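# Residue-level structural notes
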Amino acid sequence: MSLAQQFAAYAEWRSQLGEGIERLRDWLAENELNDAQTDLRLTQLLDRLHEDRLHVAFVAEFSRGKSELINAIFFADYGNRMLPSSAGRTTMCPTELMYDPAKPPCVELLPIETRASNAGVAEYRRFPEEWRNVPLDTASAEAMQETLRHVSETIRVDRATAEKLGFDLGDEGAGALHVAADGQVEIPRWRHAVINFPHPLLKQGLVILDTPGLNAIGTEPELTLSLLPNAHAVLFILAADTGVTQSDLAIWKEHIDAPGGRKKGRLVVLNKIDGQWDELKSEAEIDFEIARQVGNCANILNLPANQIFPVSAQKGLVAKITDDPALLAKSRVPELERALSEELIPAKQEIVRDDTAGEVGELDARARGLLESRLAGLREQLSELTELRGKNRGVVEYMMGKVRTEKEEFEAGLQRYYAVRSVFSTLTNKLFAHLGLDALRALTQSTREAMQEATFSRQLSEAMANFFTVSREALSKSKGEVDEIHRMMEAIYRKFAVEHGLKLGSPAGFSLLRYEKELDRLETWCDTHLNTMFQLLRHEKGHLTQKFFEEVALQVRRAFEHANRHAEGWLKTIMAPMETQVREHQIQLKRRLESIKRIHQATDTLEERIGELTHVEATLSEQLRSLAAITGGIRQSLRTEVDPRDQMVVNL
Ligand SMILES: Nc1nc2c(ncn2[C@@H]2O[C@H](COP(=O)(O)OP(=O)(O)OP(=O)(O)O)[C@@H](O)[C@H]2O)c(=O)[nH]1
Ligand SMILES: [Mg+2]
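Residues numbered from 1 in each chain as written. Chains lettered and ligands numbered in written order. Predicted model: local features only at pLDDT ≥ 70, side-chain atom pairs only at ≥ 80, totals over all residues.

### Thoughts on the overall build of the protein chain
What counts here: To qualify as a helix, a DSSP run of H or I must reach at least 4 residues; to qualify as a strand, a run of E must reach at least 2; elements of each kind are numbered from the N terminus. Placing a C-beta atom from the backbone of each residue, one calls two residues in contact when those atoms lie within 7 Å.
Secondary structure summary: the protein chain contains 20 helices and eleven strands in total. Taking the intrachain contacts of the protein chain between residues at least 6 apart in sequence as the baseline, contacts between residues at least 24 apart amount to 81%.

### Focus on unusual backbone geometry
For clarity, the threshold we go by: Field definition: a residue is buried when 20 or more other C-beta atoms are found within 10 Å of its C-beta, exposed when 12 or fewer are, and partly exposed for counts in between, with C-beta atoms placed from the backbone.
Unusually for a residue other than glycine, E32 sits at a positive phi of about 55 degrees. Within the element layout of this structure, E32 appears in the loop between α1 (3–30) and α2 (36–51). With 7 C-beta atoms packed within 10 Å, E32 lands in the exposed category. The backbone of D323 sits at a positive phi, close to 55 degrees, despite the residue not being glycine. By the secondary structure assignment, D323 is in the loop between α11 (313–322) and α12 (325–331).

### Points about the site of ligand 1
Counted only if it meets this: We call a residue near a molecule or strand when the C-beta position, derived from backbone atoms, sits within 6 Å of it. Under the scheme applied, nonpolar residues are Ala, Val, Leu, Ile, Met, Phe, Trp, Tyr, Cys and Pro; charged residues are Asp, Glu, Lys and Arg; polar residues are all the others, including Gly.
Inspection of the region around ligand 1 gives 23 residues, with G65, S67, S85, T91 and G213 positioned closest. Elements represented by at least two residues in the shell around ligand 1 include exactly α3 (66–74) and α11. Sort the elements by how many residues they give to the shell around ligand 1 and α3 lands first, with three residues. When the residues that make up the shell around ligand 1 are grouped by side-chain class, the tally is five nonpolar, twelve polar and six charged.

### Regarding the confidence of the model for the protein chain
As a reminder of what qualifies: Each residue carries a pLDDT score, the predictor's confidence in it, ranging from 0 to 100.
Residues with a pLDDT of 70 or more make up 92% of the protein chain, whose mean pLDDT is 84. Across residues 644–652, confidence stays below pLDDT 50; counting only partners more than four residues off in sequence or on other chains, it has six contacts.

### Remarks on the domain arrangement of the protein chain
To be explicit about the condition: Domain start and stop positions are those given by an automatic or database domain assignment.
Under the domain assignment, the protein chain is made up of domain 1 (1–51 + 349–389 + 602–652), domain 2 (53–153 + 189–331) and domain 3 (408–584). The C-alpha-based centres of domain 2 and domain 3 are spaced at 37 Å. Each partner contributes to the interface: domain 2 provides eleven residues, whereas domain 3 provides 15 residues. A per-element tally of the side of domain 2 that touches domain 3 places helix α8 (residues 221–230) first, with five residues. Taken together, the residues of the side of domain 2 that touches domain 3 break down into six nonpolar, four polar and one charged.

### Here's the deal with α2
The line we're drawing: Residue count minus one, scaled by 1.5 Å, sets the expected span of a helix. It is the directions from the helix axis to the C-beta atoms whose arc is reported.
With 16 residues, α2 should reach 22 Å at 1.5 Å per residue; the first-to-last C-alpha distance of 22 Å fits that figure. Along α2, the residues classified as buried are T38, R41, L42 and L45. Taken end-on, α2 shows its buried residues confined to a sector of 95 degrees, consistent with a single buried face. Across α2 from its buried face, at more than 90 degrees, point the exposed residues A36, T43, Q44, D47, H50 and E51. Contact partners of the buried residues in α2: α1 and α13 (333–388).

### A closer look at the nonpolar core
Operational definition: By our criterion, buried Ala, Val, Leu, Ile, Met, Phe, Trp, Tyr and Cys residues that link up through C-beta atoms within 7 Å make up a nonpolar core.
Ranked by internal contacts, the top residues of the largest apolar core, which has 90 residues, are A57, F58, V59, V234, F236, V269 and L270. The element contributing the most residues to this core is α1, with nine residues. Each of domain 1 (1–51 + 349–389 + 602–652) and domain 2 (53–153 + 189–331) gives at least three residues to this core. Membership of the second largest hydrophobic core comes to 34 residues, among which are L431, I485, C526 and A567.

### Side note on the packing of α1 against helix α19 (residues 606–639)
Convention followed: Throughout, an axis means a line fitted to C-alpha atoms (over the contacting stretch in the case of helices), and angles, computed between N-to-C directions, take values from 0 to 180 degrees. Should an angle lie under 35 degrees it is considered roughly parallel, over 145 roughly antiparallel, and from 65 to 115 roughly perpendicular; all remaining angles are considered oblique. In this scheme, a crossing is called left-handed if the near helix is turned counterclockwise away from the far one by less than a right angle; it is called right-handed if the turn is clockwise.
At a minimum axis distance of 9 Å, the contact between α1 and α19 shows a crossing angle of 165 degrees. Of the possible angle classes, the one that applies to α1 and α19 is roughly antiparallel. Regarding α1 and α19, the two cross each other, and that crossing is left-handed. Contacts between α1 and α19 involve Q16, L17, G20, I21, R23, L24 and W27 from the first element and S626, I630, T631, G633, I634, S637 and L638 from the second. A class-by-class count of the residues in the contact of α1 with α19 yields seven nonpolar, six polar and one charged.

### What about the pairing of strand β8 (residues 206–210)?
Our working definition: For two strands to be treated as a pair, DSSP must find at least two bridges joining them.
Counted residue by residue, β8 has four buried out of five residues, so it is predominantly covered. Of the pairings in the sheet, the one linking strand β1 (residues 54–59) to β8 comprises five bridges and is parallel in character. Looking at the pairing, L54 lines up with L206 of β8.

### Focus on the pairing of β1
Strand residues, when the strand is regular, have side chains that alternate between the two faces of the sheet. Burial analysis of β1 places six of its six residues in the buried class, which makes it a mostly covered element. Where burial is concerned, the two faces of β1 agree: the one with L54, V56 and F58 and the one with H55, A57 and V59 are both buried. In the sheet, β1 pairs with strand β9 (residues 233–239) via four bridges, with the strands oriented parallel. Across the sheet, V56 pairs through a bridge with A233, a residue of β9.

### Some remarks on the sheet that holds β1
In spatial order, the strands read β4-β3-β7-β2-β8-β1-β9-β10-β11; together these nine strands make up an open sheet with mixed pairing. Two strands bound the open sheet, and with one partner strand each, they are β4 (132–135) and β11 (308–310). Neighbour-to-neighbour, the strand axes of the sheet open up by a mean angle of 20 degrees, direction not taken into account. Those strands touched by α13 are β1, β9, β10 (266–271) and β11, and its axis lies near 170 degrees from that of β10.

### Some thoughts on helix α10 (residues 283–301)
The end-to-end C-alpha separation of α10 is 27 Å, in line with the 27 Å expected for 19 residues at 1.5 Å each. The inward-facing, buried residues of α10 abut β9, α9 (246–256), β10 and β11. A positive phi of about 60 degrees marks N302, the residue just after α10.

### As for the packing of α3 against α11
Look at α3 against α11: their axes get within 8 Å of each other, and the N-to-C directions meet at 30 degrees. Here α3 is positioned roughly parallel relative to α11, judged by the angle of their axes. The two elements α3 and α11 cross, and the hand of that crossing is left-handed. Packed against α3, whose contacting residues are E68, L69, N71 and A72, the element α11 presents A313, Q314, G316, L317 and K320 at the interface.

### A look at the environment of L627
Tracing the backbone shows L627 in helix α19. In this structure, the C-alpha to C-alpha distance between L627 and L371, residues 256 residues apart in sequence, is 9.8 Å.

### A word on the environment of V498
With respect to the element layout, V498 can be found in helix α16 (residues 457–500). Owing to 9 C-beta atoms within 10 Å, V498 belongs among the exposed residues under this scheme. Through-space distance from the C-alpha of V498 to that of K164 is 70 Å; in sequence the pair is 334 residues apart.

### Re the environment of G633
Within the fold, G633 resides in helix α19. Distance from G633 to I21, taken between C-alpha atoms, is 9.4 Å for residues 612 residues apart in sequence.

Rendered as structure tokens:
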């Protein structure tokens, strides 16, 4: 099964899941079991499923065949080489291939001059007017190829401009650019490119990131801090004709095998094995030679040999275009595709599955709790009324007194609930004072100033360390409040369950661990780059140091924004069932009282009333059954593994 087919199966799974959730949403609305919060959560869940994107990044030194491999894996159906691929440096800027149906097919290009400002690419994404937009004519493969060639464009600037834009000149490292005799330097014309292209896989949410070689990645902090670590798969490409060079190794260590980085979904490809194909050698000799090279790479990268995939991207592309299965097999591209889909899709499915299962589970429990408590209240009312059959006025009066006392007790209990609600809002305010963005903004500003004034590397590292310490403190203080809120809600849930028979279960938990981990990751990254930053500072490239910091600060802010949203959602989740059930219980008590009162006035309505209630009881039981059927269907879809082989069985 090719990656394309696996991916299609995954998209199908996702859309089935979406249908199940829509059914649940409609059913809840029809049966008046929804409220504003439930609707919002289901809509957000559906949006997330709908927008769900899968990021695959290709990283390597220049000319290793990244663009060619993307062409071979994803674009062979177009019968031509879509992304420009040629000897020497070709892809000059990070290039994202994706599809956003809200925009026409086009290539968006961010001018390299924007590097002079502190703002990262993420910031610029919010301002479309800063990008040059070139329409993409998808009807013609040639026109499309022509347009995609923009990613290879360069311009010539003088030395000072190149330096101001953060290019490394002179002999300082492997990433250095060459200064011509006339003092001019050739630099990329664009800083970032986004290709909006209605390819079937991209339409289903795949995002491909092609990066330029020559360690250009290092100069865009967004790539190293956000795009690469968040990619679901990263393919690191080596070429058989060059082996593992120093600069390959530098990229590997810095961007893929980085400390604290994810290990899952990282694949190493040894490209251009067709260089070994030699008519004078036997198949076995060729295989042996390729295996030997794989072994060498494995040694240097310190990986098991079976994690390195030898391929020929170019022959794979040709084989697909000319429909030559023997050549395709020989290119070994299908093996790589299989490994990629095995790494990629189950991991992605797991994330979506956990998210959906969590949400659906909570909403199910809430609706069920509501129905069950209605049913319990109704049954109590029914048994009360049944007992009244043939009883005299005195007994009816006694019953009325009993319900009235119960109602009074519940109302007294409510006072405690109101008190809890006010403590709850005090604690919530405290929580957001720590977790909120105002404090973080002030911290970012003071760190920015400290860094601008820094002249020694120690000052720089102290400013950064302080930034992380204070951010981490904010999280740990928030944790204290979260625990307190949880304990309080647990106690009140229990109290209302025991004293008034409310069916509340136990309040959902909330953890800030993932945000702590994110801070750890960012700090590790900063620590490993502190030296580079200091070098920049020494060479009076302070604005670059600033750019690094701005990107880190942006990532920390993102983590806090997520944590805030997550916390808001959690607070609603633990308060909402309480509010609903209290309201519900009040209504039931009122109904019971009214019902007995009516019977007190005219005993002949008793049978009629029992009949009515029995009917309501049947409806409620039926609703519980339908709810179980709908959520059971969703759970069934969740359990299904995305395996095209299974799908084939189903299709037969
Ligand atoms: N023999 C052989 N050549 C290949 C193969 N894959 C790519 N090439 C050639 O290698 C050169 C570089 O390929 P690209 O796809 O441009 O490499 P890249 O990694 O994208 O390079 P940059 O965009 O410059 O970073 C081109 O001339 C390709 O034709 C392969 O499997 N075998
Ligand atoms: Mg390229």
